[in-house]
Amino acid sequence: MIKLTHIWKSFGEQSVLKDISTVFEKGKANLIIGASGSGKTVLLKTIFGLHKADSGDIYYDTTLFSSLNPTEQRLLRQQMGILFQGSALFDFATVEENIRFPMDFLTDWSIEQKRERVDFCLKRVNLSNVQRLYPSELSGGMQKRVGIARAIALNPKYLFCDEPNSGLDPQTAIIIDELIYEITQEYQMTTIINTHDMNSVMAIGDKLIFIYKGEIAWEGTKDEVIYADCATLNDFVFASKLARKVKEMHTIS
Amino acid sequence: MARIVNSMNIQNGIKLIGSYSLLMKRVFVKPEKWRIFWRYFFIELDKLCIQTIPLIMIISLAVGAVLVVQTASNLENPFIPKMYVGYMVRESLVLEFSSTLIALIIAGKVGSNIASELGSMRITEQIDAMEMMGINSAGFLVLPKITAATIFNPLMMLISFICGLIGGWMMVVASGMITVEQYVDGLQYAYTPYFIVYSMVKMAIFSLIITSVSSFYGYFASNGSLGVGRSSTRAIVVCSFLILISNLLITNIML
């Protein structure tokens, strides 16, 4: 579980996050949604500690992140898996070396144990025979899968995904969403996904947080979103004519 | 107005030095895993040093040859022995060319390579990914570069020096401006081994400047590919400036 209380963040004069308080539950896909520039990525990066909040508290289960010293923060980070928007795979390393990277640094496993774990993670994301390839030799979808494999390499308690299906075709995007969802439930992780993909919202949105101009404008589930009466949310979620018709039909029925 | 601009420049300068010092504080820590450090040390040694040797050899051969022609054509006075050509070539190479000018060439090749590599890693979030894994990205990425170049590049100075002398000899043989005996006599005349030490020390310090400053600019690159290009250019400019300033200081201290 991750709990945020009264998070404020600004860059210079511009206030990006305003009084964000919420709870992300374990074993659920928690989605942060909102238009481009609404503050989603800043919120996600603030949660996992890449940006420091100006004020407010972030609790990882019962641990207050800001109360930890740098060494303790590093130890906590080792329990986090992160999938960056552009996958952020290391150019200088092969797929196997990319997934093995956190194991090389943070574990004392033997090379056989590491190889076994790499094979397991790759199998888990439905990839095979790519161990010796470099990231530049993979398609966008495969890069995302390798990114997920690396994120789950050390069996993290918390998984963060920044726009996991941006730049992917709809079919591959659904596969990636399902994969993240399956992994979340299987390993009972606290997963936070940053997205503006409506397919993701409707498919895996156990919990949705809609950010508008740096504030939480609406909170709910994928089943509640269709009946929501938040105007800014409806403008965002039901932006297309087709989506608006679907909403109207649901509301009437 | 001029005062405000000046004080802002001073402030920026202090900020820059502060950021550089903080980065170096994170770089010069005990590696988390020595086995990984040595692996990347040898990778960087190959990339930054070994792959630069052919360029250094070609330039040094050419400069050695040119020095012979220029010195011989300027020493036409019959009272000055011809062996001074060899002596002056040796002194020019050991005192300035094989350390300072080679360092400026390395700054162009290696400095831009380091800054653009780290800059690209920064803007594609690879450095963030390392940090989020709880890994000291500065130590992992920068320390092998600095140690490899600082340890190996003094040898590069020796390679350049020897190639320069060989280039001079080839020109002597090809042009016949002086005899090979005169050239070799000049090379042996008033030989001071300390100059080699001085030049190697200079090269080690220049290498430290090149790798650390380029890493600094690359590590903090921002604003996409344009930012990477800008950081690469800044790295070379600042490195060249610092090499010239430190050359002056080291020469005053050591000679």
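Here, the structure is the one placed above.
Cut-offs and rules
Residues numbered from 1 in each chain as written. Chains lettered and ligands numbered in written order. Predicted model: local features only at pLDDT ≥ 70, side-chain atom pairs only at ≥ 80, totals over all residues. Heavy atoms only, no water. Core = buried A, V, L, I, M, F, W, Y, C linked by side-chain atoms within 4.5 Å. Buried < 20%, exposed > 50% of the residue type's maximum accessible area, 1.4 Å probe, protein only. Helix = DSSP H or I, 4+ residues; strand = E, 2+ residues; numbered from the N terminus. Domains from an automatic or database assignment. Contact = heavy atoms within 4.5 Å. Axes fitted to C-alpha atoms, helices over the stretch in contact; angles between N-to-C directions. Parallel < 35°, antiparallel > 145°, perpendicular 65-115°, else oblique. Left-handed = near helix turned anticlockwise from the far one by under 90°. Nonpolar A, V, L, I, M, F, W, Y, C, P; charged D, E, K, R; others polar. Expected span 1.5 Å × (residues − 1). Arc of directions from axis to C-beta. Pairing = 2+ DSSP bridges. 1 Å grid on protein atoms, 1.4 Å probe; cavity = no way out; pocket = protein on both sides within 12 Å on 5 of 7 lines; lining within 4 Å. Points joined across faces, edges and corners; volume = space filled by probe spheres on them.

Enquirer: Looking at this model, I keep getting lost on the nonpolar core. Mind explaining?
Expert: Soluble globular proteins tend to pack their nonpolar side chains together in the buried interior. Ranked by internal contacts, the top residues of the largest apolar core, which has 100 residues, are Ile2, Leu4, Ile47, Phe48, Tyr60, Met80 and Phe160 of chain A. Looking at this core element by element, the count peaks at 14 residues for helix α4 (residues 84–123) of chain B. Shared between two domains, this core takes at least three residues from each, and those domains are domain 1 (2–79 + 157–252) and domain 2 (90–155) of chain A. Residue contacts for Ile47 of chain A: discarding those within four places in its chain leaves Ile2, Leu4, Phe24, Ile32, Ile58, Tyr60, Phe160 and Ile192 of chain A. Counting 47 residues, the second largest nonpolar core, distinct from the first, contains Ile99, Ile176, Leu208 and Phe236 of chain A.

Enquirer: What's the story with the packing of helix α3 (residues 95–106) of chain A against helix α5 (residues 140–151) of chain A in this structure? I'm lost.
Expert: Axes are the key here: two packed helices are described by the angle between their axes and the distance separating the axes. All names here are of chain A. Two elements in contact, α3 and α5, have axes whose closest approach is 8 Å; the angle formed by their N-to-C orientations is 30°. Between α3 and α5, the crossing angle belongs to the class labelled roughly parallel. Note that α3 runs across α5; the crossing there is right-handed. Along the contact surface, α3 presents Val95, Asn98, Ile99 and Pro102, while α5 presents Val146, Ala149 and Arg150. Partitioning the contact of α3 with α5 into residue classes produces five nonpolar, one polar and one charged.

Enquirer: Honestly, helix α3 (residues 53–74) of chain B in this entry has me stumped. Any pointers?
Expert: In an α-helix there are 3.6 residues to a turn, and that puts residues three or four apart on one side. Residues and elements named next belong to chain B. Over its 22 residues, α3 runs 31 Å from end to end, which matches the ideal 32 Å to within 8%, given 1.5 Å per residue. Along α3, the residues that are buried comprise Ile53, Ile56, Ser60, Gly64, Ala65, Leu67, Val68, Thr71 and Ala72. Around the axis of α3, the buried residues are gathered within 160° of arc, so they sit on the same side. Across α3 from its buried face, at more than 90 degrees, point the exposed residues Ile58 and Asn74.

Enquirer: Whenever I open this one, the sheet that holds strand β2 (residues 14–24) of chain A confuses me. Can you help?
Expert: Note on sheets: strands pair through backbone hydrogen bonds, and any given pair is parallel or antiparallel. Residues and elements named next belong to chain A. Pairing is antiparallel across the open sheet formed by four strands, whose spatial order is β2-β1-β4-β5. In this open sheet, the two strands that pair with only one neighbour each are β2 and β5 (63–64). As paired strands, strand β4 (residues 55–60) and β5 are joined by two bridges and run antiparallel to one another. What sits directly across from Tyr59, in β5, is Leu64. The strands touched by helix α1 (residues 40–47) within the sheet are β1 (2–11), β2 and β4, with β1 carrying the most contacts at an inclination of about 120°.

Enquirer: Can you help me understand empty space enclosed by the protein in this one?
Expert: For the coordinates displayed, the defined rule picks out two cavities of 30 Å³ or more. Space inside the largest cavity adds up to approximately 150 Å³. The wall of the largest cavity is formed by 16 residues, among which Met80, Gly81, Arg150 and Ala151 of chain A together with Met133 of chain B lie closest to the centre. Of all the elements in the fold, those that place two or more residues in the lining of the largest cavity are β6 (80–83), α3 and α5 of chain A together with α5 (126–132) of chain B.

Enquirer: Got a minute to help me understand the environment of Met203 of chain B in this structure?
Expert: Residue and element names in this part refer to chain B. One can find Met203 in helix α8 (residues 193–219). Put simply, Met203 and Ser99 are 104 residues apart on the chain and 5.3 Å apart in space, counted from C-alpha to C-alpha. Ignoring sequence-local partners within four residues, the contact set of Met203 consists of Ser98, Ser99, Ile102, Ala103, Ile106, Asn153, Pro154 and Met157.

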